[in-house]
Amino acid sequence: MAPGTKRTVPKCFLTMMERIHYNFIIKYILFILLYGGNKVDKLDRFSINNIRKEYLNFFKSKGHLTEQSFSLIPKNDKSLLLIGAGMAPLKKYFTGAEIPPAKRMATCQKCVRTGDVENVGYTARHLTFFEMLGNFSFGDYFKNEAIAWAWELLTEVLKIEEDRLWVTVYLEDDEAENIWHTKVGLPMERIVRLGKDDNFWELEVGPSGPCSEIYYDTGADRGCGSPDCKPGCDCNRFIEIWNLVFTQFDKDEQGVYHPLPNPNIDTGMGLERVAAVLQDKPTVFDVEPLIFIVNKLAEICGIPYGQKRESDVLMRIICDHSRAATFMVGDGVIPSNEGRGYVLRRLIRRAIRKGKLLGIDGEFLTKTAKVVIDNWKEVYPELGEKENYILKVISLEEEKFKKTIDQGLELLMKEIQELKETKAKELDGNVAFRLYDTYGFPYELTEEILKENGFGLNKDQFDKVFEEHRRMAREARKATGASGWRDNEFTLNTDKTVFTGYNTLEDDAEVLAIVVGSEQVNTINEGQSGIIVLDKTPFYAEGGGQTGDTGEFTADEMLARVTDTHKFNNGIYLHDTEVIRGSISVGDTIRAKVNGDQRKNTAKNHTCTHLLHKVLRELLGDHVNQAGSYVSQDRLRFDYTHFEALDRATLKEIERRVNEAILADYTVKTEILSMEEAKKSGAIALFDEKYEDKVRVVSVGDFSKELCGGTHIDQTAKIGVFKILSEGSIASGVRRIEAITGRAAIDYLRELDDLTDELSLSMKTTKDELPGKVNQLKKEVKEKDKEIQRLNNELLKSSLDEILDKYEEINGVRFFALKFKDKDANTLREIADRIRDKNESCAVILASDLGDKVLYVSAVTKDLVNKGIHAGNMVKEAALISGGGGGGRPDFAQAGGKNPEKTDDAINAVRKQIASI
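Just so it is clear, the structure is predicted and the values come from calculations on it, not from any experiment. Counting from 1, residues in each chain are numbered in the order their sequence is written. Local features are withheld for residues below a pLDDT of 70 in this predicted model, meaning they are given only at 70 or higher, and side-chain atom pairs are given and counted only at 80 or more; totals for whole chains, interfaces and linings count all residues. To get the side-chain values, take all heavy atoms of the structure and skip hydrogens and water.

(A) A look at the sheet that holds strand E27 (residues 704-707). Within the open sheet, the three strands sit side by side as E25-E26-E27. Their pairing is antiparallel. The two strands at the open ends of the sheet, each matched to only one other strand, are strand E25 (668-674) and E27. In this sheet, adjacent strand axes meet at a mean angle of 25° when their direction is disregarded. When strand E26 (residues 694-700) meets E27, the two strands line up antiparallel, connected through four bridges. Residue pairing for E27: Val697 is matched across the bridge by Leu707. Contacts are residue-level and defined by heavy atoms, with any inter-residue pair within 4.5 Å sufficient. Only the stretch in contact is used when a helix axis is fitted, and all axes are lines through C-alpha atoms; the angle between N-to-C directions ranges over 0 to 180 degrees. Going along the chain from the N terminus, every DSSP run of H or I of four or more residues is numbered as a helix, and every run of E of two or more is numbered as a strand. Along the sheet, helix H17 (residues 596-620) makes contact with E25, E26 and E27, crossing E27 at roughly 115°. What makes two strands pair is DSSP finding at least two bridges between them.

Next comes the structure, spelled out in structure tokens:
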């Protein structure tokens, strides 16, 4: 036999053990092919990742533009806090406000809904965060295609058994029923007609239409047993997996439905829900990868999942809230007490409280958030890119609430015990507000704990106190939304304005439209103000934090002042214009000239924000992201994500580094790249922005590179100098730097120099010795304050006998009610203590008129506390009448009000309170 040739051993020569071994392998393979293979294939086919992929690929094959999920933060839509449906980011295309990038689109959209948050964990399918699959038609295809494609995807791509599928149609929608029966071939007995409540989608006014829902039959053993059981039955046998909405009407204010000339399609399929149904899992939390979050929680708390309903529910709630919080922070939401930030804070703090019920005392949400990031970052890469930032935000919020949750729970449980003892039915709204304001308890969390213990909450009282605290913030929000009329009170159908201002400050342009008030006109005359729309313009429209350009329009006999520039829907530039001389008509050719000094100074400030952004990331860390900005010719404002105040030394170092970059005289250049090229080049994108395929990249030498549409200086040395004016917090996790550059900075420094000269002269010292002189004066003032306090105490002692005689008897209770002028809280507390020390049994209420507000302090001796007199309730009542709030312990409390003129009424109310006990 030739060397290297393998000897073939006849089968008959195999040993007995080898034969047994081979037989086992063959049988195992046959078993997998016959039994296990189907199960593996089913799990893979119906996995979350596969359903998502197959859905988008399917509709891509049908000519749809498939898009990545939009951010959870709505863009240019003040009507929504968070995206809660697949169609929400596309609303502008359905309404016609903007032209869609394609007439057919399909997305897998991140969504957050908290309307049913109390059901999460208790039911099998409720979630606050979920992924919504949807295909959309903007006046292109309609019912025939939508229904046929839905059936094709479910039965041919996902291979769901046809006899498992049922559908519902609107009661009057013969067309949809006919398509399902005659074209798809669905038997009539599996088509159910339902009324308006179930199968018709509408708003009060606007687009509306019938819908058709597709249901999965989980089997008769899951049903109610009725022979008439079908979709619409209250049992859990039939699960809705897809809703097809046929937007074919426009409903007017009289409730009349007018057919739309180009009807639309809007469909929605909950990804987690359909995966759970198709995998035959009992809940959405049993589907991978959600079960991985639940398993992590079971590991943390040491309680197995699936053994006790109480602990299972808590784990599901935390699982859901962890996922929601992770995605929300990843899209730029920061915990706060307003808007979407409050939604995030509420979910995080609710999860922490549920963790305590599982016996978890340490930090744990970052661990569950890490599981979310690891399992979803492949589909949502922003989670991986911002992992450190997400975990930091959640950690800080958890740490913040951990500091107060035990105190808050102790207070709330004491109040609940008091409710039980007094047989009251609801908690005072002032207590709920104190829990919210002092201990960080969202109102809903307090309400939930009370409900668990069989009590209600006085929401009207809570709202009254809360509304007063929110009033100022509400007014500020109204001010920021003052220009909303631009998008609502008139429409423009001109082409997009071509912006030429990157390369020139002057250009000839044609007038395309004129708006005066809210009406389009052909001519605007001398002395009138209105809006001018041009075919092209060198004027930069307000956007990206940069203010709009000003300047002038000129022609032979015409002069007009441009006072501001904004951008309308579809990229139309609006020039706010005052006609100084002559008139302007549609069709005229005019000369548009930008105010060069304003543009140059604004550009300096804009470039400087890029330098500042880079320095902040270098000094503080990569978690720093731009959270907003304002750039004008006078100053710059930069909002950034960070979690603690910057000390003086850090601010000085930021200033130094930015000025070093300015003096380095970097060349600033711009280039247009694809989004992929921009990312590879290292360009930084705005935190929650969605960009087009082609983006503008602004590079400042090799120092900074960002995606930006604003205008910039060409050399950094032209900025001159950078000076920080202030740094502070504007929201939880968001801080703001305000600064100036160039001539404004030089003028500011000159003013500071003049001020120190004046102070030195006044203090009769030199500039160098000025700090020492000031410290000496502060020391002298402090010593004199101590002397004043000592004298006040002496006066108090001398008048104490007189004070101790000023009481009245109420049902055997010695009651002191005293009013003072301009006494601070420390003085009132001392007076109350001395009165109580001198009386074995008494109740005290003291009021101090401070001009624009009133201060209350109350004290009660122990024997009267045992009889039900409560110092906290005394000042709470007084403060409420005086337009304020507060409270405290049963034996000692303090509060304040905004209306000193109500002091007598307040004391009378306390008097009545004591008399009733």
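(B) Structural view of the sheet that holds strand E23 (residues 626-631). Pairing is antiparallel across the open sheet formed by four strands, whose spatial order is E23-E24-E29-E28. Bordering the open sheet on either side are E23 and strand E28 (722-731), each of which pairs with just one other strand. Between one strand axis and the next, the sheet turns by 15° as a mean value, whatever way the strands run. Of the strand pairs in this sheet, strand E24 (residues 636-641) and strand E29 (residues 734-741) are connected by six bridges, and their pairing is antiparallel. The partner of Asp639 across the bridge, within E29, is Arg736. Sitting on the sheet, helix H20 (residues 742-762) touches E28 and E29, and the angle it makes with E29 is about 85°.

(C) Structural context of unusual backbone geometry. Cis rather than trans, the peptide bond between Glu288 and Pro289 has omega equal to 5°. Positionally, Pro289 belongs in the loop between helix H7 (271-278) and helix H8 (290-301). Located in the positive-phi region is Asp280, a residue other than glycine, with phi close to 60°. Secondary-structure assignment places Asp280 in the loop between H7 and H8.

(D) Fine view of the packing of aromatic side chains. Only centres within 6.5 Å qualify two rings of Phe, Tyr or Trp (six-membered ring in Trp) as a pair; their planes then separate them into stacked at under 30 degrees, edge-to-face at over 60, and tilted for everything else. For the structure shown, the criterion picks out 24 aromatic pairs. Geometrically, the ring pair formed by Phe142 and Phe246 is edge-to-face, given 6.0 Å between the ring centres and 70° between the ring planes. With Phe142 in the loop between strand E3 (129-137) and helix H4 (143-157) and Phe246 in strand E8 (residues 238-251), this pair connects stretches of sequence that are 104 residues apart. Per residue, the accessibility class of Phe142 equals that of Phe246, and both read buried. When the ring of Phe200 is compared with that of Tyr257, the centres are 5.6 Å apart and the planes differ by 75°; the resulting orientation is edge-to-face. In this pair, Phe200 sits in strand E6 (residues 200-202) while Tyr257 sits in strand E9 (residues 257-270), placing the two residues 57 residues apart along the sequence. Under the scheme applied here, a residue whose accessible area is under 20% of the maximum for its type counts as buried, over 50% as exposed, and between as partly exposed, the area being computed with a 1.4 Å probe on protein chains only. In this structure Phe200 comes out as buried when scored by relative accessible area, which is 12%. These aromatic residues form a ring-pair network of at least three members: Tyr55, Phe58, Phe59 and Trp242. For a lysine, the NZ atom is tested; for an arginine, the CZ atom; a charge sits over a ring if that atom is within 6 Å of the ring centre and within 35 degrees of the ring normal. In this structure, Lys196 is placed above the aromatic ring of Phe200, and the distance from its NZ or CZ to the ring centre is 5.2 Å.

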